[in-house]
Amino acid sequence: MPLFSETFQNKAKLISRRMFILSTLKVGVFVGIISRLFYLQISENIKYRSLSDKNRFREWKLVPQRGIIEDFFGEKIADNVQTFQLHMIPEDVPNIEELFFRLSKIIDFNERKRNSLIKRLKKRKRWEPIIVSDNLSWSEFSKLNLFLHEMQGVKPVVALARKYSKDGSSSHIVGYVSDISVKDLENSKLLREINVPGLKTGKNGLEKFLNEPIIGQPGIQRFEVNAYGKRIKELKLVKGITGESFRTTIDKEVQKFTSKLIENKSASVCVMDIYTGDIVSMVSSPTFDPNKFVHGISQEDWQALIKDTKKPLINKSMAGLYPPGSTIKPIVALSALENDVISPKFTVECRGSVDLYDRTYHCWKEKGHGFMNLRNGIKQSCDIYFYEVARRLGVDRLSVTAKQFGLGQKVLGTFLEERSGVVPNTKWKLKNIGKGWYLGETLITGIGQGYFQSTPIQLCLMTAQLANGGYKIKPKIIYNEQDFQTTTEDGGEKFKQLYRNQENVKFVLDAQFGATNEPMGTSYRSRHVKPEYIYAGKTGTSQTRTITAEERELKLKQKDLPYKKRDHALFTAFAPYKNPRYAFSVVIEHGGTGSSAAAPIAKKVIRKVLDRHKLRTKYQSDLFKEV
Amino acid sequence: MEKNYFQRGNQSISDKILAFDFQLLLLILALGIISIFAMYSSERGNFSYYTQSHLYRFSIFFLLFIIISFFKIQFWYKSAYLFYFIVLILLLAVHLFGITASGSKRWLNLFIINLQPSELMKISLIVFLARYYNKIPSQNVSNLKYIFIPFLSFMIPFFLVISQPDLGTALLIAISGLIVIWLTGFRIKYFLYSFLILICLTPVGISFLKPYQKTRILAFFDPERDPLGAGYQIIQSKIAVGSGGIFGKGFLQGSQSYLDYLPEKHTDFIFTLFSEEFGFIGSLILLLIYAFIIYRIAAIGAEVRNNFARLFCFGFAAAFFVYVTVNMAMVLGLLPIVGAPLPIMSYGGSSMLSIMIGLGIVMSCKIHNRDELR
């Protein structure tokens, strides 16, 4: 027995000793765990708390409301309207095939839309709402609401979308918005910052130029989300800021009127206030319906637009380049007078053609004009006279004046698509073509042909700066009140003068009066008789190619030529002749002669603009009274 | 003196009740209550399935614990081998008729409950080894003759469980066995040798690991390797614990668990949930409760008059300690995620049953601490 107890006690001691060693180990491990807890929960608490919050909160941006673009009178040319949309939450739909079948009976939900929706569905989480249709008609929408109880998981939503006037008269100015592309994101830091699903961006025109201020600030909705990204509850809502609205100088009424006039032509009409530089109207034809782009243009519509030979998508007023033709003659005359190359009495005999530098140069009038002085030269647009003037003046001096008056550079600079055109001179040719200047080229440059390239809006600015007495103006399309306050109607001194001797400008203007209002004048047939509408203008017919000797023999009429070979018809004008206020330019692509095609349109536009002049000034002064 | 040793325990029921270790009883009760609240929080404050069944299980097993306490220590001594072999047979049965869930075959369908025999093995192995070593004089413990059976006794279940596959439980079984062997006085140098051999065999062992086990271990060393896959659990668990701070986010306020960022929140990661809601202070209190339980088990073991009970209590105390620390170290990112429940706190019937049986035997040791074995 003692032996047994001895063994027990020995063994118990051994076990307890081993247990003691283990226990010290245990204490060590416990201390380790406590220090780990201390490290995680106290030392690194801030880090882990922020990580936990990052898990927990997620923010969704809300599409901001785009600012509105108005015309001069506050008429909306780019508006936001309610659109009726159908959203779907895929996880709430019990049977998606059945839903699609039902939808196809109620709304326009064809195979193509169905397939694109299925494609989009695959990329989305099941609880994220997806837009099934973003532009339902009212009847579709109301029908949908009627059958809503039979369809689970879909929700009719009223949202805001861009709406442009349907006639498209201002499409080229306003441009349009559409879904953001990868390229848009690459080009715009702002878009990268505020990219919200469903946000539209301006693709061209003012929508593009004004995109940053007009787009607004997106609102923020903060949600608590679970591990699967499902929203549990809304924690915060910051309302977005509506984008800035803009008033333009455009008169929507004139836009519509003009647009109608040149509806089926490939043409452009520009109207500018000669003092303020306000662009009252700038129409390019044919036009397009920008609304089609807002919700994604269909392939057929897109193909129709880009295949149209009249190029409806191009803003011809700014991106169309045309030789100015005879509309340049007032500038040639002014340049010659200013440089004392000729006097108004300088006379040339026109016999219909002249041989110079081993070539024959023709006048548009085959029989010739006979003896011409400067005023008659402009009035009857005698080419032979201006060959001689140009020859004496030289192309370099001419180009200086032309550039001063606005040719060869961008007029607005606000539009990406605007082009600067070409005012040729010897340096330009050497640099761009790499050849020396031929003297013969000076002659055709003198009648606005050859390398000369200008946009309709440049021609309008040129006319405006002549008509206001030879002062530089800053054309604008976005209305800016401050500009208006510093410029008064007779505040000429505030402008930079472009002439050396104002008499020369006056002479040129008077010659244009003659061209429109005196017999033999090129646009005499398109004159206004009523005193308040009397205007002065200069026609131009610019060749799109060299007329061959054979064709001259055949005396081909314009209308007998294929469309693409016909001349461009141009016309520049200012009105009213007494106390002029507006400058006009009309370009009809392949329209024939300026006097027959362009001037009659200008006549109508002039009347319309002058009719609305009182309204315009009154509206402006009323606005000031309100302030 | 001598008379004491041979005194037979013949206490009445009331004597036995008075002999209860009320500290231990209260600590277990406290832990049980805490676990029910934690479960309630894991269900976002709904008294639904997990909370309910956890509550029922705890109530039933607590009763079982008290009933077991009244068994004489002699009973456990006598039935130790039987207990072990029954569990071993159950483990084999798992291999044949087991239920497969999430890729591993761990459970037996016993109609009333799904039993996980590997959990029971944790406790029966300790009972088995305590019985085995009771008669062996300490000088013979390191004899090769006597190491053979103990070695087999934990290696067989170890391989059975590892093939289920359940690496965590298998390791815990092996550790439980090693602890008892250690306590008997097995030579330290042999431990060192086997440890060195084990290290040499590690590369071989790794080749036996399942791919998911490998990625888990890799994820432990660098959770950011695959933050949404293998590293996800550990990253989210650390965020939950760390964001708890000193005082925690408050009961039912743990955003990590409430919003489902925390995986397995009612089983292996229940401590994370608790720690997120009750912070450093709460975790410390929970840790203290565990420490006290372990202390009480060891203290009971120190007071008993026979080596079977002593070996069992010390062995169980150490094993209990290992269960607690392995789970905590795991969720705190100190050990790879191997799947080890936190005693009593974690949801899981078999684990709780095994712990409660162990605690019952310990309590029985306390009540009958003057018993001698025949």
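Just so it is clear, the structure is predicted and the values come from calculations on it, not from any experiment.

Backbone-to-backbone hydrogen bonds pair the strands of a sheet. The strands run either parallel or antiparallel. All names here are of chain B. Spatially, the 3 strands line up as an open sheet ordered β1-β2-β3, and their pairing is antiparallel. Because the sheet does not close on itself, it has two edges, and the strands there are β1 (99–101) and β3 (114–115). Note that β1 and strand β2 (residues 104–109) share 3 bridges and pair antiparallel. The partner of T100 across the bridge, within β2, is K105.

Residue and element names in this part refer to chain B. Averaged over all residues, the pLDDT of chain B is 88; the fraction at 70 or higher stands at 97%. Here residues 1–8 scores under 50 on pLDDT; set against residues more than four positions off or in separate chains, the count is 5 contacts. With a pTM of 0.67, the predicted complex shows an ipTM of 0.91.

Here the focus is helix α5 (residues 73–97) of chain B. Residue and element names in this part refer to chain B. Over its 25 residues, α5 extends 34 Å from the first C-alpha to the last, a length consistent with the 36 Å expected when each residue adds 1.5 Å. At S79, α5 is bent by approximately 55°, the largest bend along its length. The set of residues buried in α5 consists of I73, W76, Y77, A80, Y84, V87, L88, L91 and V94. Buried residues along α5 sit in contact with β2, α6 (117–134), α7 (144–162), α14 (307–331) and α15 (349–367).

With that settled, consider the sheet that holds strand β1 (residues 57–62) of chain A. All names here are of chain A. Within the open sheet, the 3 strands sit side by side as β1-β8-β9. Their pairing is antiparallel. The open sheet is flanked by β1 and β9 (231–238), the only strands paired with a single partner. For this sheet, the mean inter-axis angle between neighbouring strands, taken without regard to orientation, is 30°. Here strand β8 (residues 219–225) runs beside β9; their pairing, made up of 6 bridges, is antiparallel. Bridge pairing in β9 places E224 opposite K233.

This part takes up unusual backbone geometry. With an omega dihedral of -15°, the bond running from A575(A) to P576(A) counts as a cis peptide bond. Residues Q164(B) and P165(B) are joined by a peptide bond in cis, for which omega reads 0°. Examined against the element boundaries, P165(B) turns out to sit in the loop between α7 and α8 (167–183). Although it is not a glycine, H590(A) adopts a positive phi angle of roughly 50°. According to the C-beta neighbour criterion, H590(A) is buried, with 20 such atoms within 10 Å. At D260(B), a position not held by glycine, the phi torsion is positive, near 70°. By secondary structure assignment, the location of D260(B) is in the loop between α12 (255–258) and α13 (270–303).

What counts, and at which threshold
Residues numbered from 1 in each chain as written. Chains lettered and ligands numbered in written order. Predicted model: local features only at pLDDT ≥ 70, side-chain atom pairs only at ≥ 80, totals over all residues. Pairing = 2+ DSSP bridges. Helix = DSSP H or I, 4+ residues; strand = E, 2+ residues; numbered from the N terminus. pLDDT = per-residue confidence, 0-100. Contact = placed C-beta atoms within 7 Å. Expected span 1.5 Å × (residues − 1). Bend = angle between axes of the 7 residues up to and from the residue. Buried ≥ 20, exposed ≤ 12 C-beta atoms within 10 Å, placed from the backbone. Axes fitted to C-alpha atoms, helices over the stretch in contact; angles between N-to-C directions.

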